[in-house]
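# Coordinates in review
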Amino acid sequence: MKTTILLEDKIVPVYFNADNTQPVSKLLRLLRRTLENKITNGKKMIKNCLDTVISIEVIGSEAILHTYRESDTLALSLY
């Protein structure tokens, strides 16, 4: 399943795995809360990743942030 979110004034596609047991609305709420926390309190590496993110893939309880550069891609726990 695919949806989009607004992250720092840009639209980012979010892809959900079909095997997720949580409802999509709950996962989106957790993702939004986690990303807002990282934007305000994150380290330089995380902020750099959030600046260049092109898509987000949610698998189980993890969000994989894909960026332009493969070396900047990282995974965040939603819990």
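For the structure, check the block above.
Summary of the structure given here. Source: prediction; values computed, not measured.

### Some thoughts on the overall build of the chain
A tally of regular secondary structure across the chain gives 2 helices and 5 strands. Reading the chain from its N end, one meets helices and strands in the order β-β-α-α-β-β-β. Taking 12 Å as the expected radius of gyration for a compact globule of 79 residues, we find that the chain reaches 12 Å, a close match to that expectation. Projected onto the principal axes, the alpha-carbon positions of the chain cover approximately 30 × 25 × 20 Å. A burial count over the chain gives 34% of its 79 residues as buried. Looking at the chain alone, contacts between residues at least 24 apart form 44% of all its contacts between residues at least 6 apart. Total accessible area computed for the chain in this model is approximately 5000 Å², and 52% of it derives from carbon and sulfur atoms.

### Notes on the pairing of strand E3 (residues 53-59)
Of the strand pairs in this sheet, strand E2 (residues 10-16) and E3 are connected by 3 bridges, and their pairing is parallel. Looking at the pairing, Phe16 lines up with Val58 of E3. Sheet analysis places E3 next to strand E4 (residues 62-67), joined by 6 bridges and oriented antiparallel. Pairing of Ile59 across the sheet is with Glu62, part of E4. Counted between consecutive antiparallel strands, the loop separating E3 from E4 contains 2 residues, among which Gly60 sits at a positive phi close to 65 degrees.

Reading the values: the criteria
Residues numbered from 1 in each chain as written. Predicted model: local features only at pLDDT ≥ 70, side-chain atom pairs only at ≥ 80, totals over all residues. Heavy atoms only, no water. Helix = DSSP H or I, 4+ residues; strand = E, 2+ residues; numbered from the N terminus. Rg over C-alpha atoms; globule rule 2.2 N^0.38 Å. Buried < 20%, exposed > 50% of the residue type's maximum accessible area, 1.4 Å probe, protein only. Contact = heavy atoms within 4.5 Å. Areas by Shrake-Rupley, 256 points an atom, 1.4 Å probe, with all protein chains shown as cover. Pairing = 2+ DSSP bridges.

Honestly, it's all geometry; don't read function into it.
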